[in-house]
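# An overview of the molecular structure
Here's the letter readout for the chains.
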Amino acid sequence: MLSNGSEETLVAATTTSRRAIMDRLESRLVDGPELPEIDLKELTTFDDPLEHFCQMVQAVGGQPHRLDRPEDATAILEAIPVFSEATRVASLVPEIAKGNVDVSMIDDPHALATLDWTIVQGDFAVAENGAIWIDGDSLPQRVMLFIAQYLAIVVSGSQVVSNMHEAYERVGKPPHPFGIFVAGPSKTADIEQSLVLGAHGCRALQVFITP
Amino acid sequence: MKLPIVDHPTAAHEFIVNDERSEWHDKALWFVRSKRDKQAHTVPEWEYLRSVASQIKTHTVANLGQYLAEFEKNATALGATIHWAADADEHNDIVLKILKKHGTRRIVKSKSMLTEECGLNHCLEANGIDVVDTDLGERIVQLREETPSHIVLPAIHIKKEEVGETFHEHLGTEEGASDPKYLTEAARGHLRGKFLAGEVGITGVNFAIAETGGFVVCTNEGNADLGVSLPRVHIACMGIEKLIPRFGDLAVFTRLLARSATGQPITTYTSHFHGPRDPESELHIVLVDNGRSRLRGSKEFRDALHCIRCGACMNTCPVYRRSGGHSYHATVPGPIGSVLSPTRDPKSYKSLPYACSLCGSCSDVCPVKIPLHHQLLAWRKELVGKGLLSFGKRLSMRGASLLFRYPMLFTTAGKIGRTGLKWAPRWMTHNRLNKWTIARELPEPPAESFREWYKKNRKG
């Protein structure tokens, strides 16, 4: 542990620097334009946002499934070998799949290291890029989104906005402490620009679209 | 810190003489540039978004002090701790002190060009802390003891066979393996262990929002999120120019960033952090100046602070694509790097504004409309004013100036040139003093000048 003395030095140093930076910024007046407002007429919207969203989920490497009834997801999941063989599943959407790991009982996120699947509910989807908004408050441990080998997100087909402007409007009040757009499975192209799905997060992403 | 003088042509030499590699590098980046074009064209309002983004940034830079104060107030109210660093050393000191306070031995770090700029890794390692870069490209260059050659694609200069060798040596993958899928899987396994052992997570910041006191981190791999959702302490390091005023402004920038960078409609993960995870966790935000407030004072180069670090200007630059990122000897290479580096130290980086053909492609693709090629030209003027031009260039500029001032001299020199070139032996033009003929042949000298032709055909 650091003694109180050096903690005080740290605070003093950063206060001095704050003053110096602010002085430099404030002593030099710079003219700038007003903050622009977005002109909604300029923005593209889609006649069928849901259809476009499904196309974009595929384009970003995810697998969209349009369901008539939430229960239909069970058969789709069972047909995926890595799901039927999975031993540790955390599900926050029991009507889609029953899990066997209760994340709300876990204190240390490290305990989720061996999680095979995570199934969560998304709040709404974005047509232009295939992203789904998840409010961190719905997650007992946020790491469950990233640490599981496979991820499924459930989102209602009636909750699709066209673009990111509508999306942030929809989020409204900023999420505290965490909120995230997820578009497709984790990926990298850092080795010779070859796209590989499954970098550090989920290896594949199933998107279940309920009515 | 005194820096050695970077001579871009010399620094690029090794890369360029390897024709095969230079061409391969060129193609890899052009592929990314083409993906960017495709994505940009799917958004009819693309040009509108660029103008709005540019206006937002111009406005923010003009009112930076006010927005920083607003950000500090709101972030603090959410429970985050704000630190201010005037320069790189202070930034490193602040991070080190937070780590020492927690008795940290191992940290995981996602991609942050700011921490590269500050040399954080060296500082921490010198203090006995194990630093793991978790972005795959950054991990590759870290294991090879190199630096990133591109701000978005750190290992773009390395071939998969070379990655295979590095991983064979450090991660024990099969000898001779070069399949990107296999290598990525090996890195995934290796880094999982590091994530679980990380005691503090460090990330960069893509956008910080004054209105809410939160910030956004964008990744494709999920490494930033994995790195900060396991440990209790998250340190986010950002340059003060990363600020945007309103939460809704994120719409404009998230639409532009990934499309410009890699030709994706959005990054896989766009994470919004507002305050620490829970009451037992800590969130530290380090605001770093390191020359930015001074750059704001320069009318000519101020717009360079708009940069959102997408790398589009590098992917399109004919010089960058052929000479490789390391030839710039700077954290940020390419056109934007050639503008930023001399603002830090004009003498050391005086050759960078010349690593440019003034083709203007960088300005065309820049999502926040930085007039890059105009700034590069402006830098050349500035360097002349500072007396930093090399002797050879100074001499030839003096000569050209004389030539263009006296028409008689110009006519005579033209005549001498046309006759001389016809009879001059090859060694007179192709020798080591004339760099222009290293890979070029001289044109056939014309029989007459335009002036002579005009006299004959129009005036008579």
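Attention in this report is confined to the structure presented alongside it. For clarity, every value in this text was computed on a predicted model and none was experimentally measured.

Thresholds applied
Residues numbered from 1 in each chain as written. Chains lettered and ligands numbered in written order. Predicted model: local features only at pLDDT ≥ 70, side-chain atom pairs only at ≥ 80, totals over all residues. Helix = DSSP H or I, 4+ residues; strand = E, 2+ residues; numbered from the N terminus. Rg over C-alpha atoms; globule rule 2.2 N^0.38 Å. Contact = placed C-beta atoms within 7 Å. Axes fitted to C-alpha atoms, helices over the stretch in contact; angles between N-to-C directions. Left-handed = near helix turned anticlockwise from the far one by under 90°. Nonpolar A, V, L, I, M, F, W, Y, C, P; charged D, E, K, R; others polar. Pairing = 2+ DSSP bridges. Core = buried A, V, L, I, M, F, W, Y, C linked by C-beta atoms within 7 Å. Buried ≥ 20, exposed ≤ 12 C-beta atoms within 10 Å, placed from the backbone. Parallel < 35°, antiparallel > 145°, perpendicular 65-115°, else oblique.

### Digging into the overall build of chain B
- Within chain B one finds 22 helices and 10 strands.
- Its C-alpha atoms give chain B a radius of gyration of 25 Å, within 12% of the compact-globule value 23 Å for 460 residues.
- Dimensions of chain B along its principal axes, counting C-alpha atoms only, are 90 × 55 × 45 Å.
- Taking the contacts inside chain B whose residues are at least 6 apart along the sequence as the reference set, 74% of them involve residues at least 24 apart.

### Structural notes on the packing of helix α16 (residues 334-344) of chain B against helix α18 (residues 372-385) of chain B
Residues and elements named next belong to chain B.
- It is the contact of α16 with α18, at a shortest axis distance of 9 Å, that shows an interaxial angle of 40°. Note that α16 runs across α18; the crossing there is left-handed. For the pair α16 and α18, contact is made by P335, I336, S338, V339 and P342 and by L372, Q375, L376 and W379, respectively.
- Class assignment for the residues of the contact of α16 with α18 results in 7 nonpolar, 2 polar and no charged.

### So, the interface of chain A and chain B
- Between chain A and chain B, the contact holds 67 residues from the first and 77 residues from the second.
- Where the side of chain A that touches chain B is concerned, the elements lending two or more residues are α1 (4-27), α5 (144-147), α6 (164-171), β8 (178-182) and β9 (187-188) of chain A.
- Residue composition of the side of chain A that touches chain B, grouped by class: 36 nonpolar, 18 polar and 13 charged.
- As defined by bridge partners, β8(A) adjoins strand β9 (residues 269-273) of chain B across 5 bridges and the pair is classed as antiparallel. By the bridge assignment, G179(A) is partnered in β9(B) with H272(B).

### Side note on the nonpolar core
- Core analysis: the biggest nonpolar cluster contains 175 residues, and I132(A), M144(A) and I153(A) have the highest contact counts within it.
- Each residue touching I153(A), except ones within four places of it in the same chain, is listed here: V120(A), G122(A), I132(A), V182(A), L205(A) and V207(A).

### Concerning the pairing of strand β7 (residues 233-239) of chain B
Residue and element names in this part refer to chain B.
- Most of β7 is tucked away, with 7 of its 7 residues classed as buried.
- Side-chain alternation along β7 places V233, I235, C237 and G239 on one buried face and H234, A236 and M238 on a second face that is also buried.
- Two elements, strand β4 (residues 200-203) and β7, share 4 bridges in a ladder whose sense is parallel. Paired with T203 across the two strands is A236, which belongs to β7.
- Both β7 and strand β10 (residues 282-288) contribute to a ladder of 7 bridges, which runs parallel.

### So, α16(B)
All names here are of chain B.
- Counting buried positions along α16 gives 9 out of 11 residues, so the element sits mostly inside the fold.
- Turning to α16, its buried residues number three or more, namely G334, P335, I336, G337, S338, V339, L340, S341 and P342.
- Where the residues of α16 are buried, they touch α14 (312-316), α15 (318-323), α17 (361-365) and α18.

### Let's talk about the packing of helix α19 (residues 391-405) of chain B against helix α20 (residues 407-423) of chain B
All names here are of chain B.
- Here α19 crosses α20 at 110°, and the two axes come no closer than 5 Å. Classified by the interaxial angle, the pair formed by α19 and α20 is roughly perpendicular. Each of L402, L403 and F404 in α19 lies in contact with α20, whose residues at this interface are L409, F410 and A413.
- Split into classes, the residues belonging to the contact of α19 with α20 amount to 6 nonpolar, no polar and no charged.

### Focus: unusual backbone geometry
- The omega torsion across H176(A) and P177(A) is 5°, close enough to zero to call that bond cis.
- Along the chain, P177(A) turns up in the loop between α6 and β8.
- With a phi angle near 60°, Q193(A) is a residue other than glycine that sits in the positive phi range.
- Among the secondary structure elements, Q193(A) is positioned in the loop between β9 and β10 (196-197).
- A positive phi angle, close to 55°, is found at K369(B), a residue other than glycine.
- Note that K369(B) resides in the loop between α17 and α18.
- C-beta crowding within 10 Å serves as the criterion here: with 18 such atoms nearby, K369(B) is assigned to the partly exposed category.

### Here's the deal with the environment of G130(A)
- Within the secondary structure layout, G130(A) lies in the loop between β4 (124-126) and β5 (132-135).
- Distance in space between the C-alpha atoms of G130(A) and V120(A) is 16 Å, their sequence separation being 10 residues.
- Leave out the neighbours within four places in its chain, and G130(A) touches F53(A), M56(A), V57(A), A59(A), V60(A), G62(A), A183(A), G184(A) and P265(B).

### Quick look at the sheet that holds strand β11 (residues 204-210) of chain A
All names here are of chain A.
- The 5 strands are arranged β1-β11-β6-β3-β2 in an open sheet whose pairing can be described as parallel. Of all the strands in the sheet, the pair left with one neighbour each is β1 (63-66) and β2 (89-91). In this sheet, neighbouring strand axes are inclined to one another by 15° on average, regardless of whether the strands run parallel or antiparallel.
- As judged from the 7 bridges shared by strand β6 (residues 150-156) and β11, these two strands associate in the parallel manner. In the strand pairing of β11, A152 is matched with Q206.

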